[in-house]
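Structural characterization, general
Listed below, chain by chain, are the residues.
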Amino acid sequence: MALLEIEHLKKYFPSARGTVHAVDDVTFSIGKGETMGLVGESGCGKSTLGRTIIHLLESTEGTIRFQGEDVTRLDKRGLKKLREDMQIIFQDPYSSLNPRLTVHDTVVEPLMLSKRFEGDALEAEADRLMDLVGIEKRFRMSYPHELDGGRRQRVGIARAIALNPKLVVCDEPVSALDVSIQAQILNLLMDLQEEYELTYLFVTHDLSVVRHISTNICVMYLGQMVETCPTQELFDHPLHPYTKALLSAIPTIDIHNQKERILLKGEINSPINPKPGCRFALRCPYATEKCHQPVELHEISEGHFCSCCRLNEIN
Ligand code: SF4
């Protein structure tokens, strides 16, 4: 059974110029222990989608089912329980950590608020968590500004997993880190996933990162899903012109397998009151009149969905 199923999820924001369709009719599911990589350029709605799923933002329309139960409109008590089961790791741990709390106090806080631990048991659990994420003892009384980015992110991870969540939204958790530190944090996330059967929604603009960590990938463009399938299938047989452009931008050191970079020209459509039709049409090299009709996501082969009305002609 899927741990998380979202159906026709929408998140709109009012603005002075009209309604911003930040997330527009997104449907997918994630199985327990799996990782769904959510990719796309900045501003495509992937972070908003992650935050809407874990109820940091209220959805405009659609369904979010968690462990089979519709959690779209919960009362206060239901929300409190859900917040323990669904956690988030932010891109910038510096702005998400309280600058006045030490590492120790930051990790202790959620344990204390949950009332699951007290006294020696509380201290022992905090120590266990800090050991688990690799925060050395000498840094445990330090403040966030005294830590490097990697250690700050380890604190963010310790906090996120403190209450044994089932789903963790990882919102660009390594994009602010040096490449060598990125690999350490990704390995830590994968070890934790294996040990605690965590399910991840991994939001990133970096396809080489999701290739490493994801079971499935969902590609978003201007608030909509344009392609989704298992990770290896996406890298072996990308279908949507936007996915192909993203993949062509991944640098490779294999001189025998260099791909020509697909440079996207044209303006990006506005997410404010978007017109019907393919939202990628203004930048797509294959766009024709036909593309200005509404396009839908179709299953092209088992588990591989894509929204492009000219697939047969361009692949
Ligand atoms: Fe390009 Fe048309 Fe396909 Fe959109 S529907 S990706 S514009 S060919």
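Residues numbered from 1 in each chain as written. Predicted model: local features only at pLDDT ≥ 70, side-chain atom pairs only at ≥ 80, totals over all residues. Heavy atoms only, no water.

1. Notes on the overall build of the chain
What counts is decided by this rule: Put simply, DSSP marks the helices as runs of H or I at least four residues long and the strands as runs of E at least two long, and each gets a number from the N terminus on. Radius of gyration: C-alpha atoms only; globule rule: 2.2 Å multiplied by the number of residues to the exponent 0.38. Throughout, exposure labels follow a simple rule: accessible area from a 1.4 Å probe, protein chains only, divided by the maximum for the residue type, with under 20% read as buried, over 50% as exposed, and the rest as partly exposed. Working rule for contacts: check all heavy atoms of both residues, and any pair within 4.5 Å makes them a contact. The protein chains shown are the only cover counted for residues, whose accessible areas, like all others here, come from Shrake-Rupley with a 1.4 Å probe.
Looking only at helices and strands, one finds 11 helices and 12 strands in the chain. Here the chain has a C-alpha radius of gyration of 21 Å; the compact-globule value for 315 residues is 20 Å, and the two agree. Within the chain, buried positions represent 49% of all 315 residues. Restricting to contacts in the chain with at least 6 residues of sequence separation, those with at least 24 account for 64%. Of the roughly 16,100 Å² that the chain leaves accessible, carbon and sulfur atoms contribute 50%.

2. Quick word on the environment of Pro-99
Positionally, Pro-99 belongs in the loop between helix H3 (93-96) and helix H4 (103-114). Separated by 46 residues in the primary sequence, Pro-99 and His-145 place their C-alpha atoms 7.1 Å from one another. If sequence neighbours within four positions are ignored, Pro-99 has contacts with Tyr-143 and Pro-144.

3. So, the pairing of strand E2 (residues 18-31)
For clarity, the threshold we go by: Any two strands between which DSSP finds at least two bridges are classified as paired.
The buried count for E2 comes to 10 of 14 residues, which makes it a mostly enclosed element. Strand direction decides the pairing type here: strand E1 (residues 2-15) and E2, joined by 11 bridges, are antiparallel. The partner of Lys-10 across the bridge, within E2, is Asp-24. Hairpin geometry of E1 and E2 is characterised by an intervening segment of two residues between the two adjacent antiparallel strands.

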